[in-house]
Amino acid sequence: MKPPLCTTCGSDVAVYHRPYSGEKLCKSCFIESIEERVRKAICRYDMFEPDDRIAVAVSGGKDSLTLLRILHKIEQRFPKSELIAVSVDEGLGEYRTEALERASRLCRKLGVEHVVRSFKQVFGYTVEEAAELDEELGPCTYCGVFRRRVLNVVARELGADKLVTGHNLDDVAQTILMNLLRGNLLEFMRFGLDEAPHPKLVRRVKPLMLVPEREVAFYAYLTGIGFQRRTCPYFTLGFRNEVRNTLNRLEVMHPGIKFSILRDFERLRDALGERLKPSLRECKKCGEPTTGEVCQVCRLLERLEARA
Ligand code: SF4
Ligand code: ZN
Ligand code: ZN
């Protein structure tokens, strides 16, 4: 049996089948389709201005390095814009060292400035030290809250107009579903918005949010991006993983379901509009934006100080 031809160009052999659209794509049409999807997300969500200074969060994994490569390509057409890669060193031993090397290798290749900031420099603790002091909360709570803070502070210091993260469609659909299942959807809508509801928050955007994870991985493979493959030593098979597996099973039976979750979430959010705008104030200890009197970072640091 002859291998199927690409449904876009009709001349080359197809290497990828997209069940949700019925497309069968050759290598170059597949690569072009992913880059086009990123351009579409940028336009649809009005992510950038032509003269933006853009901080890109790069972890060294497939998503962030794929995104950096595509944004670098797009940016060539906008000479007034500027990309700066930002990595966070959480203090995760060999795992993070390898990822940072991969990130800096791609930055050197593309000629993109690369800024690295560690938890130890900013907070005085690595994730490993925090996890040792506070077994009850464990590493991931510290890691997530501290990383978000470091990225925002560094982006702000760099004078960035936008902070870009490599979240793909699967990440976004999983997060929506997790919040729905936990009864948190409204709160998530309020704070998961990409707009920056406070002058100290750099607006976050996710240009890969219309690209399924499987397609990001295939793009990285086809283009030879050297990304880190192993997972964090603290990675556990928690709730997100259950939601990920469920969503992947549903996607096989109902192709396009991840896009539907995103679309419905956005419809609901748009319908609620102004009513969702959060009111933020400044933390009385560190001055960073927060909903309460003291921000989560300061509360976590207090826990560590009490245990040190
Ligand atoms: Fe951080 Fe590792 Fe936990 Fe991910 S799994 S949040 S990288 S400690
Ligand atoms: Zn083709
Ligand atoms: Zn604070």
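All figures in this text were calculated on a predicted structure; none of them were measured in a lab.

Undergrad: Is there a simple way to think about the side chain of Lys162 in this case?
TA: In this fold, Lys162 is placed in strand β6 (residues 162-164). A distance of 2.7 Å separates polar atoms of two side chains, one belonging to Lys162 and the other to Asp52.

Undergrad: Mind showing me how you'd approach the coordination of the zinc ion (ligand 3) here?
TA: Reference geometry at the metal: tetrahedral coordination by four donors gives ideal angles of 109.5 degrees; octahedral coordination by six donors gives 90 or 180 degrees. In the first shell of the zinc ion (ligand 3), the protein supplies Cys283 (SG), Cys286 (SG), Cys295 (SG) and Cys298 (SG), at 2.3 Å from the metal. Around the zinc ion (ligand 3), the 4 donor atoms are arranged such that angles at the metal cover 106 to 116°; this shape is classified as tetrahedral. Read from N- to C-terminus, the donor residues coordinating the zinc ion (ligand 3) fall into the pattern C-x2-C-x8-C-x2-C. In this pair, Cys283 sits in the loop between β8 (281-282) and β9 (289-290) while Cys295 sits in the loop between β9 and α12 (296-307), placing the two residues 12 residues apart along the sequence. Residue Cys283 is classed as buried on the basis of its relative accessible area of 4%. The class for Cys295 is buried, based on a relative accessible area of 2%.

Undergrad: Can you walk me through the coordination of the zinc ion (ligand 2) in this structure?
TA: For the zinc ion (ligand 2), the full set of protein donor atoms is Cys6 (SG), Cys9 (SG), Cys26 (SG) and Cys29 (SG), at a range of 2.3 to 2.4 Å. Classification of the site at the zinc ion (ligand 2) rests on its 4 donor atoms, whose angles at the metal span 102 to 118°, yielding the label tetrahedral. Each donor residue of the zinc ion (ligand 2) belongs to the same chain, and together they define the spacing C-x2-C-x16-C-x2-C. Note that Cys6 is positioned in the segment before β1 (16-18) and Cys26 in the loop between β2 (23-25) and α1 (27-44), a separation of 20 residues in sequence. Cys26 shares its class with Cys6; the two are buried.

Undergrad: Just checking my understanding: could you explain the environment of Leu92 for this structure?
TA: With respect to the helices and strands, Leu92 occurs in the loop between β4 (82-89) and α3 (94-110). When the C-alpha atoms of Leu92 and Thr126 are compared, they prove to be 7.6 Å apart, with 34 residues separating the residues in sequence.

Undergrad: In this structure, what is going on with helix α6 (residues 139-157)? I would like to understand it.
TA: Residue pairs three or four apart in sequence face the same way in an α-helix, which turns once every 3.6 residues. Taking 1.5 Å as the rise per residue, α6 with 19 residues should run 27 Å; its terminal C-alpha atoms sit 26 Å apart, in good agreement. Considered for burial, the residues of α6 that qualify are Pro139, Tyr142, Cys143, Val145, Phe146, Arg149, Val150, Leu151, Asn152, Val153, Val154 and Ala155.

Undergrad: When you look at the packing of helix α7 (residues 169-181) against helix α10 (residues 239-253) in this model, what are you seeing that I'm missing?
TA: Packed helices, taken two at a time, are described by the angle their axes make and the gap between the axes. At a minimum axis separation of 10 Å, α7 and α10 run at an interaxial angle of 115°. Taken together, α7 and α10 sit at an angle that is classed as roughly perpendicular. At the point where α7 passes α10, the crossing takes the right-handed sense. Residues Asp170, Asp171, Ala173, Gln174, Thr175, Leu177, Met178 and Leu181 of α7 lie in contact with α10, whose contacting residues are Phe239, Arg240, Val243, Arg244, Leu247 and Asn248.

Undergrad: Hey, could you run me through the site of ligand 1 in this one?
TA: Lining the immediate surroundings of ligand 1 are Leu92, Cys140, Cys143, Arg147, Cys232, Tyr234 and Phe235. Its residues assigned to classes, the shell around ligand 1 shows 6 nonpolar, no polar and 1 charged.

Undergrad: Looking at this structure, how should I read a negative patch on the surface?
TA: A surface patch of like charges, here negative, comprises Asp46, Glu49, Asp51 and Asp161. Along the chain, Asp161 turns up in the loop between α6 and β6. For Asp161, a relative accessible area of 38% corresponds to the partly exposed category.

What counts and what doesn't
- Residues numbered from 1 in each chain as written.
- Chains lettered and ligands numbered in written order.
- Predicted model: local features only at pLDDT ≥ 70, side-chain atom pairs only at ≥ 80, totals over all residues.
- Heavy atoms only, no water.
- Helix = DSSP H or I, 4+ residues; strand = E, 2+ residues; numbered from the N terminus.
- Polar contact = N/O pair within 3.5 Å; in protein donor to acceptor, adjacent residues only side chain to side chain.
- Donors = N, O, S within 2.8 Å, 3.2 Å for Na, K, Ca; no water.
- Tetrahedral: all angles 85-135°; square planar, octahedral: opposite > 155°, others 65-115°.
- Buried < 20%, exposed > 50% of the residue type's maximum accessible area, 1.4 Å probe, protein only.
- Expected span 1.5 Å × (residues − 1).
- Axes fitted to C-alpha atoms, helices over the stretch in contact; angles between N-to-C directions.
- Parallel < 35°, antiparallel > 145°, perpendicular 65-115°, else oblique.
- Left-handed = near helix turned anticlockwise from the far one by under 90°.
- Contact = heavy atoms within 4.5 Å.
- Near = heavy atom within 4 Å.
- Nonpolar A, V, L, I, M, F, W, Y, C, P; charged D, E, K, R; others polar.
- Patch = residues over 30% accessible without salt bridge, like charges linked within 9 Å, V, L, I, M, F, W, Y side chains within 5 Å.
- Areas by Shrake-Rupley, 256 points an atom, 1.4 Å probe, with all protein chains shown as cover.
- Salt bridge = Lys/Arg side-chain N within 4 Å of Asp/Glu carboxyl O.
- Lys, Arg positive; Asp, Glu negative; His and termini not counted.
- Charge placed at Lys NZ, Arg CZ, Asp CG, Glu CD.

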